[in-house]
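Structural description and commentary
Letter by letter, the chains look like this.
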Amino acid sequence: MSRWNSRDCLGLRGVSREEIELVLETARGMKEIQTRTVKKVPTLRGKVVINLFYEPSTRTATSFELAATRLSADVIQIQTGTSSVVKGESVVDTAQTLRVMGADGCVIRHSVSGAPHHLARHIDIPVINAGDGTNEHPTQALLDMFTMKQHHGRIEGLTVVIVGDILHSRVARSNMWGLLTLGAKVRFVGPPTLVPPEVEKLGVEVRHKLDGSFEDADVINLLRVQKERMTANFFPSLAEYSRYYGMNEERLKRTKPGSIVMHPGPMNRGVEITTEVAESPQSVILEQVTNGIAVRMALLYLLIGAERDPQPVKKDAAPAIDTPSLF
Ligand code: CP
């Protein structure tokens, strides 16, 4: 019987095919719950989940809260702007304070790569990474793969083209680890300044021109241009970016029949995607959002609710902090 092996979910790097498939399969059952009149089950009754968000979020924070609520857990939503974090309290002290109040699991988003790994080394409850710096966003990749599987019936053998700001994208990294593990062909497309060439060593195809690189794709995943993470000028202007890398109606006409267009959100309409594409029948962007609840329910269940062997804190168990250059 397959199981989620680690106490935490810090990233998809090193996670086995069986574990990923277990989450996707469990999420299928969780999605069915959302079609019922009463969208709630008692699975996590009596458990407490902390949502600790040090960075803004709409989709991830809300869907973790909904996921925990639908499993009947109590949720503590910490907005760091109104907590003692503003007085300088550390991530670990904040989480340990909430832990001794009875928390059973902690979801964390942080602008620093490795913050969830640091927390996991200091706290004895499961930690779920809701996005750390430019490192990983594992639950986004899991919901992306769930959505791909829903449309194509499989992941193995799919050609998945991920377009845009790969360098700063934790979504691209988690998708890459997960998709390669499940046997998809992954192609990164973007300006040379925004695609680290090292990824080719991992089995990812790299291209710098969008035209000619998306027409054979089963999945086109468009990344947000992350203006807030750009410390240099990586391309001349947003207008030029849109011209060379934006998905528009004309390009959409050249996509493979049956292919889907994805975006993790939030979108910069008119930059990486036009409104016509975002609202086209090929777009599954809102389905991704809905699927995010099922996938997060699955992870919360597997990490907090399912029968597990006791797994104490292992000081050196978490992987080292990643940076983009360590692809
Ligand atoms: N995709 C994603 O992480 O969106 P949020 O920043 O709104 O959570």
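Everything in this summary refers to the structure shown in the same document. Note that the structure is a prediction, hence the values are computed from the model and not measured.

With that settled, consider the side chain of T255. One can find T255 in the loop between α8 (249–252) and β9 (260–262). On the basis of relative accessibility, which here comes to 11%, the residue T255 falls in the buried class. Of note is the side chain of T255, whose polar atom sits 2.6 Å from the backbone oxygen of L252. Side-chain polar atoms of T255 contact the side chain of Q282, separated by 2.9 Å. Residue contacts for T255: discarding those within four places in its chain leaves F214, E215, I220 and Q282.

Further remarks concern helix α10 (residues 285–305). Its 21 residues give α10 an end-to-end C-alpha distance of 29 Å, which sits within 8% of 30 Å, the value for a rise of 1.5 Å per residue. The largest bend in α10 is about 25°, located at N291. Judged by how many residues are buried, α10 sits mostly within the fold: 15 of 21 residues are covered.

Now for the packing of helix α1 (residues 17–33) against helix α5 (residues 138–152). Where α1 meets α5, the axes come as close as 10 Å, and the angle between the chain directions of the two elements is 70°. Overall, the two elements α1 and α5 adopt an arrangement that is roughly perpendicular. Touching I20, V23, L24, A27, R28 and K31 of α1 are L142, M145, F146, K149 and Q150, all from α5. Along the lines of polarity and charge, the residues of the contact of α1 with α5 split into 7 nonpolar, 1 polar and 3 charged.

Here we take up the packing of aromatic side chains. Applying the stated criterion across every chain, the model contains 2 aromatic pairs. Seen from their ring centres, F235 and Y241 are 4.9 Å apart, and the 45° between their planes marks the pair as tilted. Y241 gets classed as buried once you look at its relative accessible area, which sits at 2%. When the centroid spacing of 5.5 Å and the interplanar angle of 35° are considered together, the rings of Y241 and Y245 count as tilted. With a gap of 4 residues between them, Y241 and Y245 both fall in helix α7 (residues 238–245), about one helical turn apart. A residue is classified by how much of its surface remains accessible, and Y245, at 10% relative accessible area, is buried. Put simply, the rings of F235, Y241 and Y245 touch in pairs and so form one group of aromatic residues.

Calculation criteria
- Residues numbered from 1 in each chain as written.
- Predicted model: local features only at pLDDT ≥ 70, side-chain atom pairs only at ≥ 80, totals over all residues.
- Heavy atoms only, no water.
- Helix = DSSP H or I, 4+ residues; strand = E, 2+ residues; numbered from the N terminus.
- Buried < 20%, exposed > 50% of the residue type's maximum accessible area, 1.4 Å probe, protein only.
- Polar contact = N/O pair within 3.5 Å; in protein donor to acceptor, adjacent residues only side chain to side chain.
- Contact = heavy atoms within 4.5 Å.
- Expected span 1.5 Å × (residues − 1).
- Bend = angle between axes of the 7 residues up to and from the residue.
- Axes fitted to C-alpha atoms, helices over the stretch in contact; angles between N-to-C directions.
- Parallel < 35°, antiparallel > 145°, perpendicular 65-115°, else oblique.
- Nonpolar A, V, L, I, M, F, W, Y, C, P; charged D, E, K, R; others polar.
- Phe/Tyr/Trp six-rings, centres within 6.5 Å; stacked < 30°, edge-to-face > 60°.

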